[in-house]
Amino acid sequence: MYSENVPRHCFTRKDLILPFFFIKSMYRSERQFRAIDFRERNNASEDSELRFVTCQSLWNQIKSETEQIQEDLNKQLFDNLLSFLRRSHSEFQEKTTEWTCQMKSREIPTAALVLGVNVTDHDLTFRSFSEVLQNNITPYIALLEAKDCPDIKNLMQKLMGQLMNCYIDVDSLEDEDSVQVSQNRIRCSMTSLINWYENVTKKTDSETPSKKRTSSCRHWQSPPVVVIFKDMESFTTKVLQDFIVISSQHIHELPLVLIFGIATSPMIIHSLLPHSVSSLLCIELFQSLSCKEHLSTIVDKLLLTTQFPFKLGEKVLQVLINIFLYHDFSVQNFIKGFQLCMVEHFYSQPLSVLCCQLVDTKKRVNSLSHDQCENIRKLPSFRRYVESQVSEKQIALLTADNFLKEIIQKLLEDLHVYHENYVSVLRCLHVFTSSLPKYPLGKQIRELHCACLENRVWETEEYESSLQLARMLNKSDLVTMLQQCVEIFVSSSGKEFDKTVEKLKEFLTQFQKLEVAEAIQERDVSVSSQKELQKKTDLYHLQKTLLELKESRRSKKLTKFEMLRFEVVDYIDSLVRTYLVPADHKTLHEIVYFNTASVLRGHLNAAPRIALHTALNNPYCYLKNQALKSDGGSISNKAPDICIVYKLHLECGRLINLVDWLEAFSTVVMAVEGPNADAASSDQVDDIIHARFIRAVSELELLGFIKPSKQKTDHVARLTWGAC
């Protein structure tokens, strides 16, 4: 009904929560988002297409990097699960005595996979694991969710549907004459499943030798049937009990393996299942990597690297980390937030065309237009740079575009060098601070990174506390930290750390010499102490010795080790003050850093009530249809029905009379037909208007603005007050 009122570009509004009657008209797939949309939304600004291509290319690199990270992090877990499945299946196939014992006791091999509370990441983990299973163990995999399995009948139907579709898809590629079996004609029972499995395995055995060799490369001769319960806590106890009891009775005919996806604790198995049922499971526990460790790896690979030119400012990074820590623990949502920041940066910052690899910057700087040069001159960081120069250079920077481009190229190279040095020194500082008591600068490197981005870290109390604690480190810890720092600087891409490596190696050499000297001194002390014991000690010499000890305590001198330890800490402090300058102190940091945290909060921290009120009270704000423009208090008859009903309900009190509400709605809607409306069709119009009113009121009730009232049958109660 409202499709003619919804323009195609309404998707450009990026508010998160909208009434459902807008959603269908607003939906556009990602494939429809092209450079032309990017250019239109930037008012046809220069290089918009190049910015779009740069953003897309950079995101593809980041996406492939994150996928590789997740694959590497899950490799150990997946290998352990595959080993478990191979053991279970081999016992079934070889018909060993151990498996016979398990058959007699009717135990089902079960993997309890503890994935953590980051439920939104579980789907990706299970999809990846299913692909690994299909490539290595079995093509017969079923992924079950509690919402699709309210009872045992639906569970069996879903299970058999997924398994048979899997089989039909594979078989239809190999044998065009195969008969596809309709799921509706099959009785969903364990007997039907066993018959299907026997037919499948027999057909596999009767294949031609070439096909059989191809399939045996990936799968066993009788591959197991893997059933994955993605959200075990959400399944009802009765459904799980019935399925486990039924399956255990047929375990000698069907090599079934269960995998329970657990978000909380393995004890949930015993909470949901009584002992008589849980005893039918042969459970092995598997633990995935902590989501915090996963996030630390993502931050380390995406942000603390010079591989990707795009960076996040301190406040923006803190918003994403806070959402992760205090809302969902979802690494996938963190990556999506990072993607949103990148798109917003390239969309809103015209100079982001220079946010590219260093090898491409020279060509792009030389192609800058005069307007783009003026945009650079307006940057706050560049203004500070100009003010610090002599007057002749200031004039050249503000008037000569060619000279400006040379300086821009040099400044971008300096910014790249700054990032190389920053990352190396940050890792070195983290080596020293991550093991200190109470972690003054944080335990994770992301916390230290945020502290360094926020302000001069060496001016904070936490940094001073860290230095004091570092000056009390023992020799073994200090030597280990220095060795780690040497490895960091040697592997660094920065070219300024040759002298730093030499200095740190010199410290290590001094520590080794100190150990040799201490060993010799201890030997001499032991010899002298033996000679002193042989002498007779009188009262005079005893008093003299005690007085000397007392004086030495008063004027205590630092030992060689303490002096060397102070030198090491002071040297690390000098590196921090030189290289860990906050990014917003560097010239042209606006080109590569996204710092608009308020925009990110507006996207991610949704305010549903405000968005609903804005959409219903002023639909033009989202639909951008000129016919929907209206004055402050007026109600347009061209607005969607729910908007008219909503604005009328704002004028009512606690109870709303439905008859009066309908009359007011009819008055507003009929205003478009004017006084010369056809009287013969008035009854039909009234029926249509009545139906539209009922639907609009029902939608308003669904959104939670009204509810039926028990006081009066022809009234509804208003539930919300105010505009927000």
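Refer to the structure above for everything that follows.
Here the structure is a predicted model, which is why all the values come from computation and not from measurement.

Asker: Mind showing me how you'd approach the overall build of the protein here?
Answerer: The helix and strand tally for the protein stands at 32 helices and 10 strands. Partitioning the intrachain contacts of the protein with sequence separation of at least 6 by distance along the chain shows that 76% fall at a separation of at least 24. Of the roughly 39300 Å² of accessible surface on the protein, 52% is carried by carbon and sulfur atoms.

Asker: It is not clear to me how the pattern of salt bridges should be interpreted in this structure. Could you clarify?
Answerer: Close approach of charged atoms allows side chains of opposite charge to pair. Scanning all chains against the criterion turns up 13 salt bridges. Between Arg127 and Asp123 there is a salt bridge, with the nearest N and O atoms lying 2.5 Å from each other. Here Asp123 and Arg127 lie together in helix 5 (residues 122–136), a separation of 4 residues that amounts to about one turn. Relative accessible area serves as the criterion here: at 30%, Asp123 is assigned to the partly exposed category. Ionic pairing is found between Arg471 and Asp570, a salt bridge with its closest N-O pair at 3.1 Å. Here Asp570 lies in helix 25 (residues 560–579) and Arg471 lies in the loop between helix 21 (461–470) and helix 22 (475–490), a separation of 99 residues in the sequence. With a relative accessible area of 38%, Asp570 lands in the partly exposed category. Connected via shared salt-bridge partners are Asp123, Arg127, Glu145 and Lys230.

Asker: Sorry, what's going on with the nonpolar core here?
Answerer: The tendency in soluble globular proteins is for nonpolar side chains to be buried side by side. Phe382 and Phe432 are the most contacted members of the largest nonpolar core, which has 104 residues in total. Ranked by residues supplied to this core, first place goes to helix 19 (residues 401–433) with 15 residues. Among all residues touching Phe382, those that are not within four sequence positions of it are Ile376, Arg377, Leu397, Leu404, Leu411, Thr587 and Leu588. Leu144, Leu155, Val227 and Leu280 belong to the second-largest nonpolar core, a separate cluster that totals 41 residues.

Asker: What is the right way to look at the sheet that holds strand 8 (residues 655–657) in this model?
Answerer: Backbone hydrogen bonds hold the strands of a sheet together, and the pairing may be parallel or antiparallel. Reading across the sheet, the 3 strands line up as 8-10-9 and stay open at both edges, with antiparallel pairing between neighbours. On the outer flanks of this sheet lie strand 8 and strand 9 (706–708), each paired with one strand and no other. Between one strand axis and the next, the sheet turns through 35° on average, direction left out of account. Inspection of the sheet shows strand 9 paired to strand 10 (residues 715–718) by 3 bridges, in the antiparallel sense. Paired with Lys707 across the bridge in strand 10 is Ala717.

Asker: It is not clear to me how the pairing of strand 3 (residues 225–229) should be interpreted in this structure. Could you clarify?
Answerer: Among the 5 residues that make up strand 3, 5 are buried, leaving the element largely enclosed by the rest of the structure. Going residue by residue along strand 3, you find Val225, Val227 and Phe229 tucked away on one face and Val226 and Ile228 tucked away on the opposite face as well. Sheet topology note: the strand 2 (residues 141–144)/strand 3 ladder contains 4 bridges and is parallel. Counted as the bridge partner of Ala142 is Val227 from strand 3. This β-α-β element, strand 3 to helix 9 (residues 237–249) to strand 4 (residues 256–262), shows right-handed connectivity.

Asker: Looking at this structure, I do not really get the packing of helix 19 against helix 22. What am I missing?
Answerer: Helices that pack against each other are described as a pair by the angle of their axes relative to one another and the distance between those axes. Where helix 19 contacts helix 22, the two axes come as close as 9 Å, and the packing angle between them is 165°. Considering their axes alone, helix 19 and helix 22 lie roughly antiparallel with respect to each other. Handedness of the helix 19/helix 22 crossing: right-handed. When helix 19 is examined against helix 22, the residues Ser424, Val425, Arg427, Cys428, Val431 and Phe432 are found in contact with a partner set consisting of Leu478, Met481, Leu482, Gln484, Cys485, Ile488 and Phe489.

Asker: I would appreciate a short explanation of the environment of Leu163 in the present structure.
Answerer: Along the chain, Leu163 falls in helix 6 (residues 152–174). The buried category is assigned to Leu163, whose relative accessible area is 0%. C-alpha separation for the pair Leu163 and Val226, spaced 63 residues apart in sequence, amounts to 9.5 Å. Sequence-distant contacts of Leu163, defined by excluding residues within four places in its chain, comprise Tyr140, Ile141, Ala142, Leu193, Trp196 and Val225.

Asker: Would you mind going over the sheet that holds strand 5 (residues 281–287) with me for this structure?
Answerer: On the basis of which strands lie adjacent, the open sheet formed by 5 strands has the order 2-3-4-1-5 and parallel pairing. Edge positions in the open sheet fall to strand 2 and strand 5, since each of these has one partner strand only. Pairwise comparison of adjacent strand axes, ignoring direction, gives a mean angle of 20° for this sheet. Sitting on the sheet, helix 5 touches strand 1 (108–114), strand 2, strand 3 and strand 4, and the angle it makes with strand 2 is about 165°. Each of strand 1, strand 3, strand 4 and strand 5 is contacted by helix 9, which is oriented at about 160° to strand 4, the strand it contacts most.

Asker: Looking at this structure, how should I read helix 17 (residues 380–387)?
Answerer: Because an α-helix packs 3.6 residues into every turn, residues spaced three or four apart end up facing the same way. Among the residues making up helix 17, those that are buried are Ser381, Phe382, Tyr385 and Val386. The arc that holds every buried residue of helix 17, seen down its axis, measures 140°, which confines them to one face. Here the buried face of helix 17 lies against helix 16 (370–377), helix 18 (391–399), helix 19 and helix 26 (589–592).

Asker: So what exactly am I meant to see when it comes to the side chain of Arg565 here?
Answerer: Mapped onto the fold, Arg565 is located in helix 25. No salt bridge is formed by the buried Arg565, whose closest oppositely charged neighbour, Glu562, lies at an N-O distance of 4.3 Å.

Asker: Just to check I follow, could you spell out the packing of aromatic side chains for this structure?
Answerer: In this description, an aromatic ring pair is defined by two values, namely the gap between the centres and the angle between the planes. In the structure shown here, the tally under the stated rule is 18 aromatic pairs. Each ring, one from Phe382 and one from Tyr385, has its centre 6.0 Å from the other, and the planes form 35°; the classification is tilted. Separated by 3 residues within a single helix, Phe382 and Tyr385 lie in helix 17, roughly one turn from each other. Judged by its relative accessible area of 0%, Phe382 is buried. Look at Tyr385 and you get buried, because its relative accessible area is 15%. Seen in terms of ring centroids, Tyr646 and Phe705 are 5.1 Å apart; in terms of plane orientation they differ by 70°. Their pairing is edge-to-face. With Tyr646 in helix 30 (residues 641–649) and Phe705 in the loop between helix 32 (682–702) and strand 9, this pair connects stretches of sequence that are 59 residues apart.

Cut-off values and rules
Residues numbered from 1 in each chain as written. Predicted model: local features only at pLDDT ≥ 70, side-chain atom pairs only at ≥ 80, totals over all residues. Heavy atoms only, no water. Helix = DSSP H or I, 4+ residues; strand = E, 2+ residues; numbered from the N terminus. Contact = heavy atoms within 4.5 Å. Areas by Shrake-Rupley, 256 points an atom, 1.4 Å probe, with all protein chains shown as cover. Salt bridge = Lys/Arg side-chain N within 4 Å of Asp/Glu carboxyl O. Buried < 20%, exposed > 50% of the residue type's maximum accessible area, 1.4 Å probe, protein only. Core = buried A, V, L, I, M, F, W, Y, C linked by side-chain atoms within 4.5 Å. Pairing = 2+ DSSP bridges. Axes fitted to C-alpha atoms, helices over the stretch in contact; angles between N-to-C directions. Right-handed = clockwise from strand over helix to strand, strands pointing away. Parallel < 35°, antiparallel > 145°, perpendicular 65-115°, else oblique. Left-handed = near helix turned anticlockwise from the far one by under 90°. Arc of directions from axis to C-beta. Lys, Arg positive; Asp, Glu negative; His and termini not counted. Phe/Tyr/Trp six-rings, centres within 6.5 Å; stacked < 30°, edge-to-face > 60°.

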